[in-house]
Structure formats: C-alpha cells, structure tokens
Protein chains: 2
Amino acid sequence: MLIECVPNVSEGRRPEIIARMAELIRGVAGVRLLDHSSDPSHNRSVFTLVGDGAGVERAVLTLFERAIADIDLRTHTGEHPRLGAVDVVPFIPIEGATMADCVALAKTVGAEVASRFGVPVFLYEDASDNPARKNLEDIRRGEFEGLAAKMAQPAWAPDFGPTAPHPSAGASVIGARMPLIAFNINLATDRLDVAKKIAAAIRHSSGGFRFVKAAGFKLEDRGIVQVSMNLTNYEKTPIFRVFETVKREAERYGVSILESEIIGLVPSAALNAAAEFYLQIGGFKSDQVLENRLRTEK
Amino acid sequence: MLIECVPNVSEGRRPEIIARMAELIRGVAGVRLLDHSSDPSHNRSVFTLVGDGAGVERAVLTLFERAIADIDLRTHTGEHPRLGAVDVVPFIPIEGATMADCVALAKTVGAEVASRFGVPVFLYEDASDNPARKNLEDIRRGEFEGLAAKMAQPAWAPDFGPTAPHPSAGASVIGARMPLIAFNINLATDRLDVAKKIAAAIRHSSGGFRFVKAAGFKLEDRGIVQVSMNLTNYEKTPIFRVFETVKREAERYGVSILESEIIGLVPSAALNAAAEFYLQIGGFKSDQVLENRLRTEK
C-alpha cells in the first residue's frame, strides 16, 4: 500500500534548515522523498514523499518536530497564505491504497500531532465531514495573524488539540485528497477571449466539470493562448473528457488545439484511462499493465 | 534494470515436473515468477519471469539444469514445434533496460548453456546478426527430429556449443526481442471479408506496418468479426497508429469499431504513448509518470 504525502512547510529562505528537513525525511525507513522545492518569496517549501502508511506517519511526525523547533510564525513573512509552521499535510492514495485509508491516516496523524506537540489540527478535503472545512482556502482565511480570533468562534474549534493556536507554530491543516494533475492546453490562436470562454465552460465554479479548476492565459512570447487547468479527481473527471470538451468548444470559434502539456507528475492510471477511452479497449484490468504486476506478484 | 524472460519448455503433461520448475524459479534471488501456463496437447509450458540481468541468468540456468534432467526429446510428442528441452528463451527489455542489454544477456546465457550443458545454442531475433536466423520459425523448421541433418549443413552451425544436437535435450534458441502485445479489434459487422481485408492492409507480410502480424476471424457466438493482431514492437509501430488505420479502413466499408481488447500483459509505456498521441501532450517525459518515479528515485 503506497500513500503520497505533500507537506507544505512555512520556511523557504534558510537552505540549511530546509536541507536538514529533507535529510530527516530521507532517513525514515519505508519512505522515499521524491521531490522538494522551496520558494523564498513565498517563504515556503513543499516536500513530496511516498511510502506505506506507517512510514509516511513517521516522516510527518519527524518533520513536525523539526519545524516546530526551527520556525516561529510570529516573525515569519512571505507572500503565500499560511496558518502554521507545518501548514498543510495532504495524504494521497497511490497504489493499493484507498481514499478511506488516507482519511484514516489523516485522523491518526492529526490526533498524534495535537497530543505530542500541542498544535491544533483542522481536517480538510475528504478527511473532513464538515462542508465549511472542506476547502483549504476557507480554513486558512485570516492566516496565522487572525487565527486566535478565528479559533475563539465555536465554529472554528479544531478537530484535534487545543482551542487556541500554538504560540509559535500556529495550527495545521491535515487531510486526504486525490492526486492533482496540472494540465494545460495551448490553442492555435492569440485570442485571449477564446481561452477565457473555454476555461469558464469547463471549470466547476462556473458550471463545468465537478473536478476542474481552469483559467485562460496569454502566452505572450509565443503569441498563443492557454487554458490552464488543475484536475482534482482524475477518476471522476478524467483527462480525456476534459480534453475532448475543450477541443469541441474551441471548434466553435474555428480554433484548433496546438498541444497539451502535463506539468509535474501524473498517475499512470490517469494516462491508462485515456488510452482505454481512445482505443476503445473493453474489459481492461489494471493488472494487465506489466508494471503493475511487477509490484503485486510474488 | 528489469528484464523479462519467457522460457518455453518442452513439458506440458507432468504437473509435478512443471511445479518443481516453477518452485526453482521462485527460489532464485532477484527474480519474480509472474506467470506460468502449460498446454498438455502442445506438451509445452511457458514461464514468465522478471528480474535484474544476473537474477534472470541464474533462473534460466537453473531451469536448463532441471529440464535437461527431466526431459528427453527422443520420446517427447506434442502438437507444438520444438527443437529442445528448453526450446526458446527470449529476453525482453522492460524498465531501465535496453535492447542492447538483452542482446548481451542472450549471448552470455547462450555461451554458458553451451559450455555447462553441452547444448548447442542458436541466437535469434535482435540477438542474431544473421538474417536467416532472425525468425524463430526458420530456425525451428525440421524440429528435433530433423535437427542432426540440419546442423550437418555449415549454414546451420550453432552460435555456441557443439555442431551436433544434445542427444536428449536437442538445441535451444536464445535471443532478445521487444515485448509482444496481443491486440484485437472487434468490428460491428458479421462480414468476414472486411476483417480479412483490413488484416491484409495492416500486416507486414502483405504490405502493412513493419511490426504487425494480423488475421481476420469470425466470432461465431457474437455474430461479429475480429481483426486479431500481434504487435511485435510497440515503440516503432505504436498501438494508436494501428488502431487509427484499422478504424479508417473499416470506414471504407461503412463499418465501425465495436471495441478493442488487449490479451494478457501490456507495458505501461505502450498505453502512455496512446494517451500522449490522443491528448496531444507535448514534451512529455516518462519520469513524469508517478509510478516511474517511485521505482527510480531515492
């Protein structure tokens, strides 16, 4: 069972602190650190790690211990909104793991963080049953500076831990979500209005697909426009359906697709689903993919 | 580096012999036995195993030792053509392995089999530089019964080992090839002539794609026809190109595609290539597939 975890930490300016965190994660048995990146203007670092449930739990607790020792939100500045030293911790099902496994892990880790470090924890996304606590943006609104006043309201009592922020480490948002796919489609036109209309047609917030966030941009240097998207649940809103809809909407304006691009990582299953759709493969099972067999067979 | 190996052994009737061979392969460090199947009428068993080069080499040599002790071609009968106790051993590049790695491994194992067991070895497919020795069917023509006479001709001197067959174990054909994909397309018609014409259009032997073998069949119980294919090099003749060509040829007769099917295993890269094509993904790198990163990153 493999679970991905992408902790966001409120430190992006002191390389030695960040390097030590990466080193600690690498040292945890049963975990691989796939990537980490830091943004000094955001003053924030993102770690991408993968492992079994127990390994990922150990890595996150180790990271909390270090971050609480090294980071003081009272003197922290940066462009990116944040509530805590370890700001956000999503658990993501990858292989042999279900969303239920990740929800359970988020709750276990949340309770442990609260009891061990005295940091209040808010559950979010699939780990929260409260509609007002699903969206990270809603929980984080007001940031660290507004947190004490926000938590004084009964509606903002945390899911675990004290009802007031940790003095230096604030609060943490821990939850479970599907892998996110960053998918862009470049159009063979310089008409920004076309990209914006297509983005509006496909995104959830304006009536489109449930798991699509989208915006239209101009790529000035290339003289073309782009529909830039985040696909937040590729099982329920698959890439191919989004692609075909964008293509059809673009036809309406006499515009064709130049190319698409996937930024960063994509789960194999998301690409396989597209192959199955276009090749009209019937009765396909994921264990027919040779590499999946390599990981499951004795 | 992962290499697949699919040894074909001339024993498909004695379950205890076959089970012992499977057990021996399972016991080799660095190797996984993914599958094995036996056909009593063919009197033949096929093992599918995967591992690093050294592991796969150990497994094949272990299998040879057992097969030479247990199988006597002089009393062997079966419908499937065969030359030897271990009849054919292809090495197939999977992950982080190249065709050159597999060719080198075929030559190492071939030399070892010849010197250790006195069994003559013919290299085939990519492991052979001799155009007359590329095709398994050409090497195997005449079978075990005709082997002594065939090997008496200078053109049929083996690549390794004695110039006469091993008395009971015959000779072995060892080589390197790409993974084979068994891909069928069902047409929404009962017209067998349409399936046969399309098969003729796409297969290499009658002017079609270099790495396609194809035939048209009737699926009597469903009242439809099928274009049944083996794709022998999915990198050079990709699935999507074959699919699109079949679809276009079928249109010529007013026939549409009902569905396709993949029989058995397919490498992830073959499906990803189809996703890239249809979604017009530009600049895609295989290490963007999350699962590929899991296998390569520290």
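Given the structure is predicted, the values throughout are model-derived calculations rather than measurements.

Novice: Before we go on, may I ask you to explain helix 1 (residues 15-26) of chain B in this structure?
Specialist: Since there are 3.6 residues in each turn of an α-helix, residues three or four apart along the chain are aligned in direction. All names here are of chain B. Spanning 12 residues, helix 1 covers 16 Å between terminal C-alpha atoms, matching the ideal 16 Å at 1.5 Å per step. For helix 1, the complete set of buried residues consists of Ile 17, Ile 18, Met 21, Ala 22 and Ile 25. Summarising the axial view, the buried residues of helix 1 lie within an arc of 135 degrees, below the 170-degree limit, and thus occupy one face. Opposite the packed face of helix 1, turned more than 90 degrees from it, sit the exposed residues Pro 15 and Glu 16.

Novice: Where do I start with the pattern of salt bridges in this structure?
Specialist: Close approach of charged atoms allows side chains with opposite charge to pair. As enumerated under the stated definition, the model contains 32 salt bridges over all chains in all. For the salt bridge of Arg82(B) with Glu143(B), the shortest nitrogen-to-oxygen distance reads 3.1 Å. Of this pair, Arg82(B) sits in the loop between helix 2 (53-70) and strand 5 (86-95) while Glu143(B) sits in the loop between helix 4 (136-140) and helix 5 (147-151), and the two are 61 residues apart along the sequence. Glu143(B) sits in the partly exposed class, given a relative accessible area of 26%. Residues joined in a network through salt bridges with shared partners are Arg20(A), Arg66(A) and Asp70(A).

Novice: Whenever I open this one, the relation of the copies chain A and chain B confuses me. Can you help?
Specialist: Copy one and copy two of the chain differ by a rotation about an axis and a translation along that axis. Mapping chain A onto chain B is achieved by rotating through 179 degrees and translating by 0.0 Å along the same axis, at an RMSD of 0.1 Å. The symmetry that links the two subunits is that of a two-fold axis. No C-alpha of chain A approaches the rotation axis more nearly than that of Ala275(A), which lies at 2.4 Å. Comparing contact sets, 100% of the residues at the interface of chain A also lie at the interface in chain B, consistent with an isologous, same-surface contact.

Novice: Please clarify how the packing of aromatic side chains should be interpreted in this entry.
Specialist: Geometry of an aromatic ring pair is reported as the spacing of the ring centres plus the angle between the planes. The full count for this structure, using the stated rule, is 10 aromatic pairs over all chains. On the basis of an interplanar angle of 10 degrees and a centroid distance of 6.2 Å, the ring pair of Phe64(A) and Phe117(A) is categorised as stacked. In this pair, Phe64(A) is assigned in helix 2 (residues 53-70) and Phe117(A) in helix 3 (residues 99-117), connecting sequence segments 53 residues apart. Like Phe64(A), the residue Phe117(A) is buried in the burial classification. For the pair Phe122(A) and Trp156(A), a centre-to-centre distance of 6.1 Å together with 65 degrees between the ring planes defines the contact as edge-to-face. Residue Phe122(A) is found in strand 6 (residues 121-125), and its partner Trp156(A) is found in the loop between helix 5 (147-151) and strand 7 (172-176); the two are separated by 34 residues along the sequence. With a relative accessible area of 2%, Phe122(A) lands in the buried category. What links up through ring pairs into an aromatic cluster is the set Phe240(A), Phe277(A), Tyr278(A), Phe240(B), Phe277(B) and Tyr278(B).

Conventions we followed
Residues numbered from 1 in each chain as written. Chains lettered and ligands numbered in written order. Predicted model: local features only at pLDDT ≥ 70, side-chain atom pairs only at ≥ 80, totals over all residues. Heavy atoms only, no water. Helix = DSSP H or I, 4+ residues; strand = E, 2+ residues; numbered from the N terminus. Expected span 1.5 Å × (residues − 1). Buried < 20%, exposed > 50% of the residue type's maximum accessible area, 1.4 Å probe, protein only. Arc of directions from axis to C-beta. Salt bridge = Lys/Arg side-chain N within 4 Å of Asp/Glu carboxyl O. Least-squares fit on C-alpha atoms with pLDDT ≥ 70 in both. Contact = heavy atoms within 4.5 Å. Phe/Tyr/Trp six-rings, centres within 6.5 Å; stacked < 30°, edge-to-face > 60°.

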